[in-house]
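Examining the three-dimensional arrangement
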Amino acid sequence: MAEKIVILTGAGISAESGLGTFRDADGLWSQVRIEDVATPEAFARDPARVHAFYNMRRAAAAAAAPNPAHHALARLQRDHPGEVVIVTQNVDDLHGRAGAEVLHMHGALARALCASCGETWAAPPEMAPGDPCPACERPATRPDVVWFGEMPHRLDDIADHLAACSLFAAIGTSGAVYPAAGFVREARAAGADTVELNLGASDVSPLFHRRLTGPASRVVPDWVDTLLAQ
Ligand code: APR
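The sections below set out a description of the structure shown in this document. (Residues numbered from 1 in each chain as written. Predicted model: local features only at pLDDT ≥ 70, side-chain atom pairs only at ≥ 80, totals over all residues. Heavy atoms only, no water.)

Focus on helix α10 (residues 216-229)
Its 14 residues give α10 an end-to-end C-alpha distance of 19 Å, which sits within 8% of 20 Å, the value for a rise of 1.5 Å per residue. Those residues of α10 that are buried lie in contact with β1 (5-9), α1 (12-15), α6 (68-79), β7 (167-171), β8 (193-198) and β9 (210-213). (Helix = DSSP H or I, 4+ residues; strand = E, 2+ residues; numbered from the N terminus. Expected span 1.5 Å × (residues − 1). Contact = heavy atoms within 4.5 Å.)

Structure, rendered in structure tokens:
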């Protein structure tokens, strides 16, 4: 097995758990406009609408369960302590509920954030404009998710992991959103082997050494079995 593996996951890994992706046919971004629900400007203009969007997604995530792909990655991480870094763009908590430790670069639906003092806490099922922060009491609470135009979390740590990895895998992500879409280049610059696992082609497929095509619930457990047998 490779000495250090970095795995990037996207919405495709949670699709078979019943959570919609963003850019596939019928994806979330064909139903609502990014500018209306996923930017700081949208929240400033219409916080009730933005909260309603994330309340709906929080409820969907809470009702969903991890699928065999989430469980397989948790098994890989458990069997190779300290060698498997999972970075997710997903704001659901299905990796965690499968038992994996993941770096949530786009934040988490299950957390609330105070835009005034920076405190974070477990989000209630429903958030509303004007909810007071439990720390500073200002009515500046928002979902702890990274919106378009904001900086993803933990980029320095991720860059360090990519610079040190010998295998990089991207699972169920379209390669349309940076900086995550650029991780394959960083991994290659570090000399890593790279593999893409996806239902089809992504925007960055040509950059990978290998591709495993099919639904995550099948290709991810098979890939993990192969790695663990090495
Ligand atoms: N198995 C594997 N891959 C799948 C499956 C599946 N069952 N279903 C869909 N996919 C793949 C699609 O082929 C596509 O490449 O998952 C990818 C989903 O792409 P997007 O909808 O663009 O999701 P993602 O790449 O995670 O989006 C990145 O964009 O708006 C944002 O912040 C949001 O984190 C998100 C970011």
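Observations concerning the pattern of salt bridges
Applying the stated rule across the entire model yields 9 salt bridges. Between R75 and D225 there is a salt bridge whose closest N-O contact spans 3.1 Å. On the criterion of sequence distance, the pair formed by R75 in helix α6 and D225 in helix α10 is long-range, its members being 150 residues apart. With relative accessibility at 40%, the residue D225 sits in the partly exposed group. Between R142 and E150 there is a salt bridge, with its nearest N and O atoms 2.8 Å apart. Residue classification places R142 among the buried residues on the basis of a relative accessible area of 8%. The class of E150 is partly exposed, set by a relative accessible area of 26%. Salt bridges sharing common partners tie together R33, E35, D36 and R49. (Salt bridge = Lys/Arg side-chain N within 4 Å of Asp/Glu carboxyl O. Buried < 20%, exposed > 50% of the residue type's maximum accessible area, 1.4 Å probe, protein only.)

Notes on the packing of aromatic side chains
Enumeration over the complete set of coordinates arrives at 7 aromatic pairs. Each ring, one from F22 and one from W29, has its centre 5.2 Å from the other, and the planes form 35 degrees; the classification is tilted. Residue classification places W29 among the buried positions, given a relative accessible area of 19%. With centroids separated by 6.4 Å and ring planes inclined at 65 degrees, the aromatic side chains of W29 and F148 adopt a geometry described as edge-to-face. (Phe/Tyr/Trp six-rings, centres within 6.5 Å; stacked < 30°, edge-to-face > 60°.)

Structural notes on the sheet that holds β7
The 6 strands are arranged β3-β2-β1-β7-β8-β9 in an open sheet whose pairing can be described as parallel. Of all the strands in the sheet, just β3 (102-104) and β9 have a single pairing partner and so form its edges. Between one strand and the next, the sheet's axes are offset by a mean angle of 20 degrees, whatever the strand orientation. (Pairing = 2+ DSSP bridges. Axes fitted to C-alpha atoms, helices over the stretch in contact; angles between N-to-C directions.)

Thoughts on the site of the ligand
Neighbouring the ligand are 22 residues, the closest being F22, W29, T173, S174 and N198. Here an oxygen atom of the ligand sits 2.8 Å away from a polar atom, N or O, in the side chain of R23. Between an oxygen atom of the ligand and a main-chain N or O atom of G172, the distance comes to 3.2 Å. When isolated, the ligand has an accessible area of 730 Å², and the protein chains bury 93% of it. Grouping the amino acids of the shell around the ligand by side-chain chemistry returns 9 nonpolar, 10 polar and 3 charged. Both domain 1 (1-18 + 66-106 + 151-230) and domain 2 (20-63 + 108-145) contribute no fewer than three residues apiece to the shell around the ligand. (Near = heavy atom within 4 Å. Polar contact = N/O pair within 3.5 Å; in protein donor to acceptor, adjacent residues only side chain to side chain. Areas by Shrake-Rupley, 256 points an atom, 1.4 Å probe, with all protein chains shown as cover. Nonpolar A, V, L, I, M, F, W, Y, C, P; charged D, E, K, R; others polar. Domains from an automatic or database assignment.)

Everything listed here is a matter of coordinates, which is why it stays silent on function.
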